[in-house]
Structure formats: structure tokens, C-alpha cells
Amino acid sequence: MSSDTLIRINRFLAQAGLGSRRGVEAAIGEGRVSINGKLLTEMGAKVDPVKDRVLFDGKEVKPEKRAIYIFNKPDKVISTLSDPQGRPCVADFLEEFSVRLVPAGRLDYDVSGLLLMTNDGDYINKLLHPSFEVPRTYLAEVSPIPNAKLLKKLERGVELEDGFGKGTEAKIPNSNRLKDADLGGRPVVEVTVTEGRNHFVKRLFSACGHPVKKLVRVEFGPYKLSNLKIGRFKKVDFRELS
Ligand code: URA
């Protein structure tokens, strides 16, 4: 077998949906991984994904192809895979999938829209890492009615309790956007931000004196919600981040 068919064990495990490359290294350190019956002790070990038998916690790991979906998360759904309070969560929508999908980041319980779901832990890390400044675009129904002063203020930025924050662009959206997000006829601002601090968009608007009544994410990095129906998934292609 030529050496170029071999891949590092942490990459193999991450591709199989068992966590990020860093995350699976911890599992290797804890002695939870074996290759061909031998407990793994070395981080840099390589495997042949076709020939070698890898066990994780005693269960055979099958290499899995990368899968990426966009999900239109309804509001009143938790964007994690379980909820200690027993509220509806994203896992309730995943029963039809044999691949193990994990959400790339979070949306608040009362926020709907684009949640990217993938089995590629490394891609999730990249999408969420602050250094990539991945743009996220939201439609925010606000009160009182938005005006030019609000748009300027959002783009200029405001002081929040955990530091300065701003939108990279703020505008009144076109009517197609509003139709897609079921917001036709409402006082809505379209804002793009490049960070994912907790409740960031709601806090930006509140600090500008226009609290959010409803929030929908319509774009995340290279992916768009378009007219995907609430509660539905759409398979999308992998896009490298620029
Ligand atoms: N900003 C918020 O306030 N909430 C979200 O869910 C996402 C961004």
C-alpha cells in the first residue's frame, strides 16, 4: 500500500464525525482508540482508511464522506443536539440522517434561519474562528421603525458590555429577502456582522435604541438561506473560506 493512501489518525477520526482534530487527540490520549487491535499511544500514527480496523470506545469507525447541509431552524428550537430542559432541539430534526451532523455554532432559541450542519469538525472550527471573520447576515424586525440614523450607528459601532461591536453593513432589505424570511410589511433592517458573541445582534440593536422583535439569519459565510422552508434541510457543496 503506498504511503499516500495513509492519513493521520486524528484526521481520519475527525472525518468520521467524532469531533475536531484537536478534540479527537484528547480521546487518543485517554486510550480510547485502537488500530488493528493495538491501543494507540502515538498522536502522529497513520492509518489506511480502507485496510485498517480502527476502534473508538470499542466500536468500529467507518470513514464518512464530508456532508454539509443548511437547516432553516424554526424559532422555539434549541440549536444544540440535546437540551437538559427537554425543549425541542435540532436533534429532533435529524432522525432521517444516517450521517452524524453537528451545528456550526448556535442561534438563540427565539431566532430562526440558517444553521449550517456538517460532520466536518475542522470546517466548523474554521467557520467559527474569529480570525476568519466569517460574515453572518440577519434580518431584524425592530421597534421603533428603523431610520438612517440607526443604520449609520450600526455601521459606526457601539460599546457593549463585553467590548466594542459593529455591523459591517446595515441597510433596508429588498422585498424578496423579506418574502423568504416571512417578514413582508414589517419594519426590518438587514445587518451583516463578522462575529458570533452571545446575543450579539440583539445587543447591537438594543444599544442603538431599536430592540429586536424578531431575528432571522439569512446568510452564513458562503451559504444562503434563500427560499428554504422552515424546518427543512438542503444539501450544499463544500466552499473554501476566502
Ligand atoms: N445574534 C443574536 O442576538 N442571536 C443569535 O442567535 C445570533 C446572533
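What you are looking at is a predicted structure, and each value in this text was computed from that prediction instead of being measured.

> I keep staring at the nonpolar core and nothing clicks. Help me out?
Generally speaking, a soluble globular protein has its nonpolar side chains buried in company with each other. Core analysis: the largest hydrophobic core is formed by 32 residues, its most contacted members being Leu101, Met117, Leu154 and Phe205. Elements supplying a minimum of two residues to this core: strand 7 (68-73), strand 9 (112-118), strand 10 (136-142), helix 4 (148-156), strand 11 (158-160), strand 14 (188-193) and helix 6 (200-207). Broken down by element, this core gets its largest block of residues, four residues, from helix 6. Among the domains, domain 2 (68-126) and domain 3 (135-220) are the pair contributing at least three residues each to this core. Look past the residues within four positions of leucine 154 in its chain and what remains in contact with it is Lys166, Gly167, Ala170, Val189, Leu204, Phe205 and Cys208. If you look at the next biggest cluster of nonpolar residues, it comprises 22 residues, including Leu116, Val134, Val216 and Leu228.

> Can you help me understand helix 6 in this one?
The complete set of buried residues in helix 6 reads Phe200, Val201, Arg203, Leu204 and Phe205. Those residues of helix 6 that are buried are in contact with strand 10, helix 4, strand 11, strand 12 (163-165), strand 14 and strand 15 (212-220). Once helix 6 ends, the next one or two residues include glycine 209, with phi positive near 85°.

> Would you mind going over the domain arrangement of the protein with me for this structure?
Many authors give the size of an interface as the accessible area that is lost as the parts come together. As far as domains go, the protein holds domain 1 (3-60), domain 2 (68-126) and domain 3 (135-220). Using only C-alpha atoms to locate each centre, domain 1 and domain 2 end up separated by 26 Å. Counting from both sides, the interface comprises six residues of domain 1 and, opposite them, five residues of domain 2. Our count for the domain 1 to domain 2 interface comes out at one salt bridge. Salt-bridge contacts for aspartate 122 lead to arginine 21; the nearest nitrogen and oxygen are separated by 2.4 Å. Across the domain 1-domain 2 interface, the total number found is one residue pair in polar contact (both at pLDDT 80 or more). A per-class count over the side of domain 1 that touches domain 2 returns one nonpolar, four polar and one charged.

> Looking at this structure, I do not really get the packing of aromatic side chains. What am I missing?
The description of an aromatic ring pair rests on the distance of the ring centres and on the angle between the ring planes. Summed over the entire model, instances satisfying the criterion amount to six aromatic pairs. Centre to centre, the rings of phenylalanine 71 and phenylalanine 93 are 5.1 Å apart; their planes meet at 55°, and the pair counts as tilted. Placement of phenylalanine 71 in strand 7 and of phenylalanine 93 in the loop between strand 7 and strand 8 (102-103) is noted, with a sequence separation of 22 residues between them. Using a relative accessible area of 0% as the deciding quantity, one classes phenylalanine 71 as buried. A relative accessible area of 25% places phenylalanine 93 in the partly exposed class.

> Just checking my understanding: could you explain the layout of surface pockets for this structure?
Gaps left between atoms are located by rolling a probe of water-molecule size over the structure's atoms. Approximately 470 Å³ is the volume attributed to the largest pocket. Lining the largest pocket are 24 residues, with Arg106, Leu107, Asp108, Asn198 and His199 sitting closest to its centre. Looking at the lining of the largest pocket, the elements that each hand over two or more residues are strand 10, helix 6 and strand 15. Counting residues per element, the lining of the largest pocket draws most heavily on strand 15, at three residues. When grouped by side-chain class, the residues that make up the lining of the largest pocket number twelve nonpolar, six polar and six charged.

> Quick question: what am I supposed to make of the pairing of strand 10 here?
Walk down a regular strand and you will see the side chains alternate between the two sheet faces. With seven of its seven residues buried, strand 10 lies for the most part within the structure. Across the two faces of strand 10 the burial is the same, with Arg136, Tyr138, Ala140 and Val142 and Thr137, Leu139 and Glu141 all buried. Here strand 10 pairs with strand 15 via seven bridges, running antiparallel. In the strand pairing of strand 15, tyrosine 138 is matched with arginine 217.

Rules used throughout
Residues numbered from 1 in each chain as written. Predicted model: local features only at pLDDT ≥ 70, side-chain atom pairs only at ≥ 80, totals over all residues. Heavy atoms only, no water. Core = buried A, V, L, I, M, F, W, Y, C linked by side-chain atoms within 4.5 Å. Buried < 20%, exposed > 50% of the residue type's maximum accessible area, 1.4 Å probe, protein only. Helix = DSSP H or I, 4+ residues; strand = E, 2+ residues; numbered from the N terminus. Domains from an automatic or database assignment. Contact = heavy atoms within 4.5 Å. Salt bridge = Lys/Arg side-chain N within 4 Å of Asp/Glu carboxyl O. Polar contact = N/O pair within 3.5 Å; in protein donor to acceptor, adjacent residues only side chain to side chain. Nonpolar A, V, L, I, M, F, W, Y, C, P; charged D, E, K, R; others polar. Phe/Tyr/Trp six-rings, centres within 6.5 Å; stacked < 30°, edge-to-face > 60°. 1 Å grid on protein atoms, 1.4 Å probe; cavity = no way out; pocket = protein on both sides within 12 Å on 5 of 7 lines; lining within 4 Å. Points joined across faces, edges and corners; volume = space filled by probe spheres on them. Pairing = 2+ DSSP bridges.

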